[in-house]
Amino acid sequence: MDPIDFQLPPEGGEDSDYRFGYVALIGRPNVGKSTLLNQILGQKVSIVTHKPQTTRQRVAGIKTTAQGQVVYLDTPGIHQSGGRALNQYMNRVALATFRDVEAVLFLLEAGRLTRQDRKIAKMLSALDIPVFLVINKVDEVEHKQELLAYVTEASAEGDWDEVFLISALKGDGVADVEKRLMDLLPFSMPFYDEDQITDRSERFLAAELLREALTLRLHQELPYALNVEIEHFKREGGMVRIGAIIWVERDSQKQIVIGKGGQVLKQVGQQARKAMEEFLDEKVFLQTWVKVAKDWSRSERAMERMGFDE
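- If you look the chain up in an unreviewed UniProt entry, it shows as GTPase Era from Marinihelvus fidelis.
- In the Sequence similarities (unreviewed entry) part of its UniProt record, the chain is described as follows: "Belongs to the TRAFAC class TrmE-Era-EngA-EngB-Septin-like GTPase superfamily. Era GTPase family."
- Under the UniProt heading Function (unreviewed entry), the entry covering the chain gives this text: "An essential GTPase that binds both GDP and GTP, with rapid nucleotide exchange. Plays a role in 16S rRNA processing and 30S ribosomal subunit biogenesis and possibly also in cell cycle regulation and energy metabolism."

Listed below in structure tokens is the structure:
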């Protein structure tokens with residue numbers, strides 16, 4: 001897979017003290033990458049559930065301050081890909097991202113060090129850019145001695161430029177990470193407008209908010225068989241009118257999403273609509289349809305038709 005072709009701004013002059021750069025958030029699934037991104041931005045741009053592999057596509061979160069502009073790239077969790085085209089796609093996106101950034105934040109979950117974590121650590125050790133080890137969820141480790149022992153073990157897995165202990169959910173330690181990143185980014189003019197917080201479209205974010213609501217509601221039944229495609233997104237009549245197709249892989253899954261008397265789909269739609277209205281700060285009229293695309297997650301062609309990009 002070719003490296004991502006990021007658009008870079010012109011370099012700043014010698015007398016410029018403004019900084020700009022890309023930073024990748026890397027780690028196995030469910031270590032808190034999306035939570036950290038949302039915490040940094042102070043706004044939700046990446047959906048979060050307790051299910052691994054919630055993030056499927058790269059999402060850029062843009063943080064602009066008086067000192068500089070940082071583009072944080074939230075990536076799918078790196079994992080054992082298996083045979084599904086969806087799993088292979090997510091790994092390709094994650095692995096391509098860190099090749100074209102100024103720094104990497106490698107997230108671990110405090111108290112857990114898996115074989116997959118160690119594989120990622122070994123891979124990151126070969127990079128010639130700064131890699132920060134960011135140990136997340138430290139507030140969930142009850143005993144300080146256990147945390148210290150874990151930090152020692154995790155630190156030995158690679159030659160990290162720095163090690164940070166944070167709680168992405170609560171925000172503890174996050175400002176220290178941001179400050180250190182700003183210090184190492186190159187001098188350059190900003191690329192994005194100061195009020196832009198992501199490179200993703202409103203259509204994309206609307207689809208993600210609906211998928212989040214579906215995953216939270218149906219996490220035990222079929223979180224990985226679900227995908228959402230926005231069929232139409234337009235502003236008229238003083239509101240945003242959104243039509244969304246919910247794709248599943250089996251007729252039986254379609255019935256689960258709809259629910260008895262349509263109750264599941266109605267409840268999910270209400271939750272997603274509220275989230276969309278909060279994000280867009282506009283009234284939303286949401287229509288949903290559930291359709292079957294057999295084994296879509298195993299077909300690269302089907303994924304391309306649904307809007308997966310690389």
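As for unusual backbone geometry
Okay, so step 1: Despite not being glycine, N30 shows a phi value in the positive range, around 70°.
Okay, so step 2: Within the element layout of this structure, N30 appears in the loop between strand 1 (19-26) and helix 1 (33-41).
Okay, so step 3: Positioned with a positive phi, D281 is a non-glycine residue whose angle comes to about 60°.
Okay, so step 4: Mapped onto the elements, D281 comes out in the loop between helix 8 (263-280) and strand 9 (284-292).
Okay, so step 5: With relative accessibility at 69%, the residue D281 sits in the exposed group.

Describing the nonpolar core
Okay, so step 1: Residues L210, L214, I242, V257 and M276 are the most contacted members of the largest nonpolar core, which totals 29 residues.
Okay, so step 2: Mapped onto this core, the elements with two or more residues apiece are helix 6 (202-217), strand 7 (227-236), strand 8 (239-248), helix 8 and strand 9.
Okay, so step 3: Excluding residues that lie within four positions of it along the chain, M276 makes contacts with A206, L209, L210, I242, D281, V284 and L286.
Okay, so step 4: V101, V104, V151 and A154 belong to the second-largest nonpolar core, a separate cluster that totals 28 residues.

Observations regarding the sheet that holds strand 5 (residues 131-136)
Okay, so step 1: Taken in spatial order, the six strands make up an open sheet running 2-3-1-4-5-6, and their pairing is mixed. Edge positions in the sheet fall to strand 2 (59-64) and strand 6 (162-165), since each of these pairs with one other strand and no more. Strand-to-strand twist in this sheet, taken as the mean axis angle between neighbours without regard to direction, amounts to 25°.
Okay, so step 2: In the sheet, strand 5 pairs with strand 6 via four bridges, with the strands oriented parallel.

Conventions used here
- Counting from 1, residues in each chain are numbered in the order their sequence is written.
- Residue-level local features of this predicted model are given only where pLDDT is at least 70; pairs of side-chain atoms are given and counted only at 80 or more, and the full residue set underlies all totals for whole chains, interfaces and linings.
- Side-chain descriptors were evaluated using all non-hydrogen atoms of the structure, hydrogens and water having been removed beforehand.
- UniProt positions are given in the numbering used here, feature names are shortened, and annotations may be inferred rather than shown by experiment.
- Here a strand is any run of E in DSSP of at least two residues, a helix any run of H or I of at least four, and the numbering for each starts at the N terminus.
- With a 1.4 Å probe rolled over the protein chains alone, any residue whose accessible area is under 20% of its type maximum counts as buried; one over 50% counts as exposed, and the rest are partly exposed.
- Residue types Ala, Val, Leu, Ile, Met, Phe, Trp, Tyr and Cys, when buried and joined through side-chain atoms within 4.5 Å, form a set referred to as a nonpolar core.
- By the convention used here, residues are in contact when the closest approach between their heavy atoms is within 4.5 Å.
- When DSSP finds at least two bridges between two strands, those strands are taken to pair.
- Angles here are taken between N-to-C directions and fall from 0 to 180 degrees, while the axes themselves are lines fitted to C-alpha atoms, restricted in helices to the stretch in contact.

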